[in-house]
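# Overview (structure and organization)
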Amino acid sequence: MRGGDYHARRVSGVLSVEQRGEVALVTLNRPEKRNALSIELREELWKAFDRLGSDDGVATVVLTGAGSAFCSGMDTSQFGGDRANREKLVETSTLAFDAVGQCPRPVVAAVNGPAVAGGFALSLLCDLRIAAPSAIFGYPELPRGIPPSYAAARTVLPATVAQDLCLTGRMVRADEAQKLGIVREVTSPPGDVVARALDLAQTITELPRKAVLETKRRTLLERKHLWGFLFDEEREAFQRAVLGATAKVAPAG
């Protein structure tokens, strides 16, 4: 990465955060589970992005996955259980996805492998996406009767593309993802997708900070104005599915 040195590293076990100059590298660190979003990982992701978004020493963030996958979505092995566990599922999901999607710093996704189901949605909540040739995108949960996040797809993609992916559940490889506008670029083998994402993040970091942050603020304002109702509806639908039709989770403080 141009102009950046290794400064600090925080590792929770399931999440790694490294700061290189003014660029923070956040790595989902459950490679044995293809970085499936467990409750613990969602908690750590929320806390990390909450902290980085308010850190004056951080200009941009890069999000990637350890091992061969970016993220395989929610860890469904933790679904069910008692009321407390189900409430935790809802709460941590909301906090983690909102923290990434509403981060006031530009976020670059280094998609090093499959980004599927909730992992696809997570990548779409980032501002820019760079893919390795091995990356695959899509919503494979649809054939299992789980509605995918149309809201996340629609914030990035034209309606026809979003509808195609959400209504068919088909998977898209990196080269097609670039043609569809899902990703900005695909690295050429043996190019390192994380190194390329860090390089892009450094380029953004070197631009006037106030102008970049104001631009990011406007993108968040657009997302809220145009698609906020879709995210709200999907959040409520997930809550009903996990907790029941009339159940409510107290807002996190």
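Attention in this report is confined to the structure presented alongside it. Within each chain, residues carry numbers counting from 1 in the order of the written sequence. Since the coordinates come from a predicted model, pLDDT governs what is reported: local features require at least 70, and pairs of side-chain atoms require 80 or more to be given and counted, while whole-chain, interface and lining totals use all residues. Note that water and hydrogens are dropped before the side-chain values are worked out from all heavy atoms of the structure.

### Description of the packing of aromatic side chains
Centre distance within 6.5 Å is the pairing criterion for rings of Phe, Tyr and Trp, where only the six-membered ring of Trp is used; planes under 30 degrees apart are then read as stacked, over 60 as edge-to-face, and the remainder as tilted. In total, this model carries two aromatic pairs according to the counting rule given. With 4.8 Å between their ring centres and 50° between their planes, F120 and Y139 make a pair best called tilted. With F120 in helix α3 (residues 118–124) and Y139 in the loop between β8 (136–138) and α4 (150–156), this pair connects stretches of sequence that are 19 residues apart. With a 1.4 Å probe rolled over the protein chains alone, any residue whose accessible area is under 20% of its type maximum counts as buried; one over 50% counts as exposed, and the rest are partly exposed. Its relative accessible area of 0% is what places F120 among the buried residues. Feature note: the residues F120, F137 and Y139 constitute an aromatic cluster, connected by ring pairs. Only DSSP runs of H or I with at least four residues qualify as helices, and only runs of E with at least two residues qualify as strands; both kinds are numbered from the N terminus onward.

### Describing the packing of helix α1 (residues 39–53) against helix α2 (residues 83–101)
Only C-alpha atoms enter the line fits that serve as axes; for helices the fit covers just the stretch in contact. Angles between N-to-C directions range over 0 to 180 degrees. One way to put it is that α1 packs onto α2 with a least axis distance of 8 Å and a crossing angle of 35°. Handedness of the crossing formed by α1 with α2: left-handed. Listed contacts from α2 to I39, R42, E43, L45, W46 and F49 of α1 are N85, K88, L89, T92, S93, L95, A96, A99 and V100. Helix crossings get a hand from a simple test, with the near helix turned counterclockwise from the far one by less than a right angle marking a left-handed crossing and a clockwise turn marking a right-handed one. A contact between two residues is defined here by any heavy atoms of the two lying within 4.5 Å.

### A look at the environment of L37
For L37, the location among the structural elements is in the loop between β3 (23–28) and α1. Residue class for L37 comes out buried when judged on its relative accessible area of 1%. Expressed as a C-alpha distance, the spacing of L37 and A152, which sit 115 residues apart in the sequence, is 17 Å. Non-local contacts of L37, meaning those with residues more than four positions away in its chain, are made with R42, C71, G73, M74, D75 and F97.

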